[in-house]
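Survey of secondary and tertiary structure
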Amino acid sequence: SLLEALKNSYNLASVHLGMELGLNRVIETLHAMGVEREFAGYPSLLLGSVELSPIEVSQMFQTVANGGFKVPINAIREVLDNGDRPLQRYGLQVQQTLEPAPVFLLDFMLSQVTRSGTAKSLQQTMDGIRLAGKTGTTNDLRDSWFAGFGDDLLGVVWLGYDSNRPTRFTGASGALQIWTGMMRALNIKPLHLVAPDNIHWYP
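Figured I'd write up the structure that's included with this text. Treat the numbers as computed from the prediction; the structure is a model and nothing was measured.

Reading the values: rules and limits
- Residues numbered from 1 in each chain as written.
- Predicted model: local features only at pLDDT ≥ 70, side-chain atom pairs only at ≥ 80, totals over all residues.
- Heavy atoms only, no water.
- Pairing = 2+ DSSP bridges.
- Helix = DSSP H or I, 4+ residues; strand = E, 2+ residues; numbered from the N terminus.
- Salt bridge = Lys/Arg side-chain N within 4 Å of Asp/Glu carboxyl O.
- Buried < 20%, exposed > 50% of the residue type's maximum accessible area, 1.4 Å probe, protein only.

Some remarks on the pairing of strand β7 (residues 154-159)
- Relative to β7, strand β6 (residues 144-149) is paired through 6 bridges, and the arrangement is antiparallel. Across the sheet, F146 pairs through a bridge with V157, a residue of β7.
- In textbook terms, the turn of a hairpin is the stretch between consecutive antiparallel strands, and for β6 and β7 this stretch comprises 4 residues.

This is the structure we're talking about:
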């Protein structure tokens, strides 16, 4: 199933699905999630061959964690004067770019990654609270990624070298460990998923 493939990082399933849907639709979805750069329509895209920065990955996951509502990430929220009064605020620009039902299904699958998939170590280190996330490991253990979220916080961790030499870490053994330390310190809240009306469960 797609669930088993995603939670265990069986990436060939993603390739088959992406080719069946069409690369243009995949690229359109990446743009809807908030990635602004252009992509070449090569099948290797489906295996993560494109280079994205941690802030671009954060933007993608922010849209998914927000139920399909994209809010552009800002590094600056406000500028204060010497009396701590705001000189300028950066308002929220909320836009629904993805349908709620598919996003809910993806969020549910990402929660299974942390429950019984490649990030299942979170069950012990985070006291069994429900979270969603995805590990990422590139060829030859060059990059270690983890992106995850609860109800109130989202974080993305990347480990790698500028020289592109191997880190020797998988996503689970490297980035996930740093993410876990941050979120324990920040007291992340458990994820509560509410299914849209058009989602039906079958035994």
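What about the pattern of salt bridges?
- As enumerated under the stated definition, the model contains 5 salt bridges in all.
- Across the pair E56 and R37 runs a salt bridge, and its minimum N-O distance is 2.8 Å. Placement of the pair is E56 in helix α4 (residues 54-65) and R37 in the loop between α3 (23-32) and α4, with a sequence separation of 19 residues.
- E56 gets classed as buried once you look at its relative accessible area, which sits at 16%.
- Residue R37 is classed as partly exposed on the basis of its relative accessible area of 36%.
- The partner of D81 in a salt bridge is R85, with the nearest N and O atoms 3.2 Å apart.

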